[in-house]
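# An overview of the molecular structure
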Amino acid sequence: MQEYAPEVEARLRAESQEIIARYPVARSALMPILHLVQSEDGFVSPRGIALAADILALSRAEVSAVATFYSQYRRHPNGEYNVGVCTNALCAVMGGDVIWETLTEYLGVGSDETTEDGRITLEALECNAGCDYAPVIMVNWEFFDNQTPASALRIVDDIRAGRDIHPTRGADKVHTFKETERVLAGFEDGHADEGPAAGPASLEGLRLARERGWAAPAKGRVK
């Protein structure tokens, strides 16, 4: 097992202590520490598991049990950009299945597989929680709404060409997988407030409620 360079390990240990300080019990920090490992290695590496276990006084088996349970943790190197295509019911019938077939054929990879250039890992996702904008693609967890096969191809072409890609909502541009993992570890990157979190379709119910004066019943008055 390749070890971290001394200066890298020292930094990861110091940042792990920052994470641990947010929790009343140290082992509760395991999940963000695994994201921190991914921000360094691009996946939950054997050396990352060993480091997390040592820091938190856990066994490697305990750390691996968490790393293999949650789908956002990768057990082999991820591409710079994780392109997730929703293939759940609504997105599928709105065109998600066709988008998925188009991308798998174009990129020559299947779900959880990475292109030879290391730029893109393709993933079939069960739900992107954006049904009001189906079909939806997420790139490093940023939303690309109302997609078509043609727009999906433009996204992956821009990624492979090194051009910035701009999500429908959220940050102004999509940052790399490792940069995103650092945010998931709890280290802010300053991009959280760059764009809207919700679009008109998501807010339509709120608009109608305000327009028509609808409100939830006062507490204690529900019959």
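It should be noted that the structure appears before, not after, this text.
I will try to describe carefully the structure that is included in this document.

## Some points on the nonpolar core
Grouped together as the largest cluster of nonpolar side chains are 25 residues, with contacts concentrated most on Ile19, Leu30, Ile33, Leu34, Leu56 and Val63. For this core, the secondary structure elements donating two or more residues are α1 (6–20), α2 (30–41), α3 (46–56) and α4 (60–67). Considering every element that reaches this core, the biggest residue donor is α3, with six residues. Leaving out residues up to four positions away in the same chain, Leu30 has contacts with Ala52, Leu56, Leu58, Glu62, Val63 and Val66.

## Quick look at the pattern of salt bridges
Taken as a whole and judged by the stated rule, the model has 15 salt bridges. A salt bridge links Asp164 to Lys173; the nearest nitrogen and oxygen atoms lie 3.7 Å apart. Residue Lys173 is classed as partly exposed on the basis of its relative accessible area, which comes to 30%. Across the pair Glu211 and Arg207 runs a salt bridge whose closest N-O atoms are separated by 2.8 Å. Remark: Arg207 and Glu211 occur in helix α8 (residues 200–212); sequence separation between them is four residues, near one turn of the helix. For Glu211, a relative accessible area of 54% gives the class exposed.

## Thoughts on the side chain of Arg119
Residue position: Arg119 is located in the loop between β2 (113–114) and β3 (120–125). In contact with Arg119, other than residues within four places in its own chain, are Gly79, Glu80, Tyr81, Ile159, Arg160 and Gly162.

Criteria and thresholds
Residues numbered from 1 in each chain as written. Predicted model: local features only at pLDDT ≥ 70, side-chain atom pairs only at ≥ 80, totals over all residues. Heavy atoms only, no water. Core = buried A, V, L, I, M, F, W, Y, C linked by side-chain atoms within 4.5 Å. Buried < 20%, exposed > 50% of the residue type's maximum accessible area, 1.4 Å probe, protein only. Helix = DSSP H or I, 4+ residues; strand = E, 2+ residues; numbered from the N terminus. Contact = heavy atoms within 4.5 Å. Salt bridge = Lys/Arg side-chain N within 4 Å of Asp/Glu carboxyl O.

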